[in-house]
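Structure at a glance
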Amino acid sequence: MTAAATGWGWGLASLDAQGRTLDVWYPKAEISTPPSPENRPAHGLGDLVQDQPDARGVRRQPVFTVSDLDKPIKDAADAYLRLHLLSMRLTKPNSMNLDGIFEKLTNVVWTNYGPFAPEDFTLRKTDLLGTAARSMPGIPVTDVTVLAIDKLPRMVDYVVPSGVRIGNADRVRLGAYLSPGTTVMHEGFVNFNAGTLGTSMVEGRISQGVVVGDGSDIGGGASIMGTLSGGGKHRVSIGEHSLLGANAGIGISLGDNCVVEAGLYVTAGTKITLGAESEASKFLGIRKDTVKGSEISGRDHLLFIRNSQTGQVQVRLRTKGIELNDSLHAN
């Protein structure tokens with residue numbers, strides 16, 4: 001993790017009946033020295049502020065948040081600011097301290113009417129629909145649609161980055177970093193503190209902490225190990241002009257101009273046949289017949305395949321990168 005700076009901004013916090021912060025939306029945020037209290041700009045949230053609870057039991061209050069991005073997260077408002085900074089492309093994945101983020105967030109029922117506290121959701125839903133029906137007599141009231149029950153919301157409800165396409169908004173979490181030229185297809189997924197650093201087609205899973213370089217594609221059903229659930233501390237990355245084939249997976253990093261063939265999963269402990277006198281061996285400077293995946297993690301110009309006759313995982317030298325479909329990546 002590289003040295004981070006200070007982020008700050010005015011946000012609109014949703015508070016439940018117990019005073020818990022359900023979410024915070026930051027229309028604008030900055031990375032710079034924060035203004036002193038006497039020079040602090042107005043929040044500009046106007047009529048969006050709501051002192052009295054609505055039918056959801058939620059109040060909306062302005063909060064001014066300053067976050068030292070190298071230090072641990074203080075509270076939910078701080079956590080939401082850091083997630084916004086990522087999706088706004090003001091900070092890149094793995095550049096700030098996100099340790100303990102889930103401890104600062106609460107479970108929320110995310111709906112088309114905004115966030116609800118889960119404990120009394122059914123009663124609040126009834127109150128909301130009744131209030132809506134009374135305020136709009138003769139007009140059909142849209143039912144409450146539950147989008148998720150989770151600690152993190154969809155990115156697009158808070159930040160819509162320019163120059164990207166997203167086939168299914170439910171599959172990109174707030175805190176994802178999507179560079180211009182990125183397409184996330186319907187079955188693609190991008191977690192928080194993860195994403196793309198350039199043009200990319202994502203049809204598989206980009207887990208927390210993973211970054212994908214410019215000109216690289218993640219094939220349909222492909223999976224990249226993150227560090228959230230039982231993983232180690234190694235953060236997997238994919239370099240530029242590389243391809244993770246359909247239904248493939250990696251627990252090691254790929255360098256530039258690499259390919260993992262469809263259906264092949266390569267982890268740090270995978271035994272890979274290299275060949276002591278092969279071109280790949282000479283290129284890597286490793287004169288051994290067999291290596292572990294961890295020994296060649298992050299190296300450039302490699303093709304990972306499984307021999308269909310012997311079942312051996314093999315690596316060969318690859319001298320050129322993949323060629324992207326320009327029309328598919330035009331955003």
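Residues numbered from 1 in each chain as written. Predicted model: local features only at pLDDT ≥ 70, side-chain atom pairs only at ≥ 80, totals over all residues. Heavy atoms only, no water.

Section: the overall build of the protein chain
Rule in force here: Secondary structure follows DSSP: runs of H or I at least 4 residues long count as helices, runs of E at least 2 residues long count as strands, and numbering of each begins at the N terminus. The contact definition used throughout considers only heavy atoms, calling two residues in contact when any of these lie within 4.5 Å. Charge convention: Lys and Arg are scored as positive, Asp and Glu as negative, and His as well as the terminal groups of each chain are ignored. We put the charge of a Lys on NZ, of an Arg on CZ, of an Asp on CG and of a Glu on CD.
Within the protein chain, the secondary structure is distributed over 4 helices and 26 strands. For the protein chain, the spread of C-alpha atoms along the principal axes amounts to about 75 × 50 × 40 Å. Long-range pairs, those at least 24 residues apart, make up 49% of the contacts in the protein chain with a sequence separation of at least 6. Put simply, the protein chain has 33 plus and 34 minus side-chain charges, and the middle of one group is 4 Å from the middle of the other.

Regarding the nonpolar core
Going by this rule: As used in this record, nonpolar core signifies buried Ala, Val, Leu, Ile, Met, Phe, Trp, Tyr and Cys residues forming a set joined through side-chain atoms within 4.5 Å. To sort residues, take the accessible area from a 1.4 Å probe on protein chains only and compare it with the maximum for the residue type: under 20% means buried, over 50% means exposed, and anything in between is partly exposed.
Counting residues in each nonpolar core, the largest one holds 65 residues, and the members touching the most others are Ile206, Ile224, Val260, Ile296 and Phe304. Of all the secondary-structure elements, those providing two or more residues to this core are β1 (6-15), β2 (21-25), α1 (76-87), β5 (108-111), α3 (279-284), β25 (302-306) and β26 (313-317). Per element, the largest residue contribution to this core is 8 residues, and it comes from α1. Beyond its immediate sequence surroundings of up to four residues, Ile224 is in contact with Arg205, Ile206, Ser207, Val210, Ile218, Val236, Ile238, Leu244 and Ile250.

Concerning the sheet that holds strand β22 (residues 265-266)
Test applied: Paired strands, in this sense, are two strands between which DSSP finds at least two bridges.
Ordered by their spatial adjacency, 5 strands build an open sheet running β11-β14-β17-β20-β22, and the pairing between neighbours is parallel. A single partner strand is all that each edge strand has here, and the edge strands are β11 (189-190) and β22. Inspection of the sheet shows strand β17 (residues 223-224) paired to strand β20 (residues 249-250) by 2 bridges, in the parallel sense. When the sheet's bridge partners are listed, Ser223 is paired in β20 with Gly249.

Observations concerning helix α2 (residues 121-135)
The condition that has to hold: Multiplying one less than the number of residues by 1.5 Å gives the expected span of a helix.
Compared with the 21 Å implied by 1.5 Å per residue over 15 residues, the 21 Å span of α2 between its first and last C-alpha is a close match. Along α2, the residues that are buried comprise Phe121, Leu128, Gly130 and Ala132. Buried residues along α2 sit in contact with β5, β6 (114-116) and β7 (146-150).

A look at the UniProt feature "binding site: Mg(2+) 2" (unreviewed entry) in the protein chain
Heads up, the rule is: UniProt positions are given in the numbering used here, feature names are shortened, and annotations may be inferred rather than shown by experiment.
Per the UniProt annotation, the sites labelled "binding site: Mg(2+) 2" (unreviewed entry) are Glu187. When you line up the elements, Glu187 lands in the loop between β10 (182-184) and β11. Classification of Glu187 as exposed rests on a relative accessible area of 58%. Contact partners of Glu187, with chain neighbours within four places excluded, come to Arg171, Glu203 and Gly204.

Examining the domain arrangement of the protein chain
Note the cut-off: Segment limits for the domains were obtained from an automatic or database-derived domain assignment. Two parts lose some accessible area (1.4 Å probe) when they are put together, and adding that loss for both gives the buried area. Here a salt bridge means any side-chain nitrogen of Lys or Arg lying within 4 Å of a carboxyl oxygen belonging to Asp or Glu. Polar contact criterion, stated in full: a pair of N or O atoms within 3.5 Å, where within protein one must be able to donate a hydrogen and the other to accept it, and residues adjacent in sequence count only if both atoms are side-chain atoms.
Here the domain parsing of the protein chain yields domain 1 (6-105) and domain 2 (165-328). The C-alpha centroid of domain 2 is placed 34 Å from the C-alpha centroid of domain 1. Opposite the 13 residues of domain 1 that make contact, domain 2 presents 17 residues. At the boundary of domain 1 with domain 2, total buried surface from both sides reaches about 1300 Å², with 66% on carbon and sulfur atoms. Area buried by domain 1 at its contact with domain 2 is led by Arg89, Pro93 and Asn94, which between them contribute 44% of it. In this assembly, domain 1 and domain 2 are joined by 0 salt bridges. Our enumeration of links across domain 1 and domain 2 arrives at 6 residue pairs in polar contact (both at pLDDT 80 or more).

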